[in-house]
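# Coordinate inspection notes
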Amino acid sequence: MAGFRNGRGRDNREAPQQGHPPHAPYGQPQQQYPQQPYGQPQQAPQQQWPQGGGHGEPEYFGGAGHDPYAANNPGHTQAFSVHDDPYNQGATYQAGAAPAGPVGPRLHWKELLSGVVLRPNQTYLQMRDYAMWGPALVVTFVYGLLAIFGFDGAREDVINATMSSAIPYVLTTGVAVTISFFILGVVTHTLARQLGGDGAWQPTVGLSMLIACLTDAPRLVVGMFLGGDEMFVQLLGWATWLAAGALLTSMVSKSHDLPWPKALAASAIQLIALLSIIKLGTF
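Residues numbered from 1 in each chain as written. Predicted model: local features only at pLDDT ≥ 70, side-chain atom pairs only at ≥ 80, totals over all residues. Heavy atoms only, no water.

## A closer look at helix H6 (residues 201-226)
Under the 1.5 Å per step criterion, the end-to-end length of H6 is 38 Å for 26 residues, consistent within 8% with the ideal 38 Å. The sharpest bend along H6 reaches about 45° and sits at Ala217, with the proline Pro218 one to four residues further on. Once H6 finishes, Gly227 follows within two positions and takes phi at roughly 105°, a positive value. (Helix = DSSP H or I, 4+ residues; strand = E, 2+ residues; numbered from the N terminus. Expected span 1.5 Å × (residues − 1). Bend = angle between axes of the 7 residues up to and from the residue.)

This is how it looks when you write it as structure tokens:
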């Protein structure tokens, strides 16, 4: 072997017999070997190579304690699995994966209502991990109470009716609108999950209810004074419907980490329902 300097071709009779430890030189303590307990098979003592340098003993290159076949030496690399990366211990973003935690703290209801329309991207991304049932239910119920006055026929019926019959009519409309918008939000969330989304259902439903109410508020206010059948109110309804489509698409994209075509497809049923029931005055 190339790693030995001395001892090649020596007489084998000089090697100690197997099973008998060599005698120590005079004046040095003899090495004691551990005794095996009775009844257990006796194991031969493991042969230990000296650290090299003596006469007739093998010597490794590189000095004592150096293993030329260890990992990370030239020609001997350390093996690792396919999914392990010893040079990159940080997490890597993957498309379609939800973030590790909330992006920011929960927004106050005033900041939430203004952010839905004025700061949509930041608001949707920050509130994607929080439920907002309080603001969503209150705003939707108030919108339902006023929605009946945005239609000419329904407004005349309420105004001409007595107080005892008008109040239940208005309250029933508010509850019906709230339940309808809740169901539409659930449908949007379900479609987003079917298309590969990973968002929670509470934020998606709550934000969809707020978007539907806040975007239709300009048409509702103008329709209460001019009437729902006016051409200007109809055009305003189309404009606010397009705004609702853009905001819903952005919300679903941020909440479910989906590209905008899939987010728009997930919002399609809710947009069609808003257009036919609310925006065009067929409620």
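After presenting the structure, the write-up continues.
## Quick look at the packing of H6 against helix H7 (residues 231-256)
Running from N to C, H6 and H7 point in directions that differ by 170°, and their axes come no closer than 9 Å. Considered as vectors, H6 and H7 are oriented roughly antiparallel to each other. Where H6 abuts H7, its residues Thr204, Leu207, Ser208, Ile211, Thr215, Asp216, Pro218, Arg219, Val222, Gly223 and Leu226 lie against Phe232, Val233, Leu236, Gly237, Thr240, Ala243, Ala244, Leu247, Leu248, Met251, Ser255 and His256. Grouping the constituent residues of the contact of H6 with H7 by class yields 13 nonpolar, 8 polar and 2 charged. (Axes fitted to C-alpha atoms, helices over the stretch in contact; angles between N-to-C directions. Parallel < 35°, antiparallel > 145°, perpendicular 65-115°, else oblique. Contact = heavy atoms within 4.5 Å. Nonpolar A, V, L, I, M, F, W, Y, C, P; charged D, E, K, R; others polar.)

## Quick word on the nonpolar core
One finds Leu112, Tyr143 and Phe181 to be the most contacted residues of the largest nonpolar core, which totals 36 residues. If you list the elements that add at least two residues to this core, you get helix H1 (109-118), helix H3 (133-147), helix H5 (163-194), H6, H7, helix H8 (260-266) and helix H9 (268-279). It is H6 that contributes the most residues to this core, 8 residues altogether. With near-sequence residues (within four places) excluded, Tyr143 lies in contact with Val177, Phe181, Cys213, Asp216, Arg219, Leu220 and Ile278. Residues Ile148, Phe151, Ala154 and Val158 belong to the second largest nonpolar core, which totals 7 residues. (Core = buried A, V, L, I, M, F, W, Y, C linked by side-chain atoms within 4.5 Å. Buried < 20%, exposed > 50% of the residue type's maximum accessible area, 1.4 Å probe, protein only.)

## Points about the packing of aromatic side chains
A full pass over the atoms with the stated rule returns 5 aromatic pairs. Plain terms: the ring middles of Trp238 and Trp241 are 5.9 Å apart, the flat faces sit at 80° to each other, and that makes the pair edge-to-face. Pair noted here: Trp238 and Trp241 are both in helix H7, with a separation of 3 residues, about one helical turn. Residue Trp241 is classed as buried on the basis of its relative accessible area of 18%. Ring pairs connect the aromatic residues Trp133, Phe182 and Trp201, which therefore count as one cluster. (Phe/Tyr/Trp six-rings, centres within 6.5 Å; stacked < 30°, edge-to-face > 60°.)

## Some words on the packing of H1 against H6
For the pair H1 and H6, the least separation of the axes is 10 Å and the interaxial angle reads 70°. By the angle between their directions, the pair H1 and H6 is classed as roughly perpendicular. Residue-level contacts link Leu112, Leu113, Val116 and Val117 of H1 to Leu207, Leu210, Ile211 and Leu214 of H6. Considering only residue class, the contact of H1 with H6 consists of 8 nonpolar, no polar and no charged.

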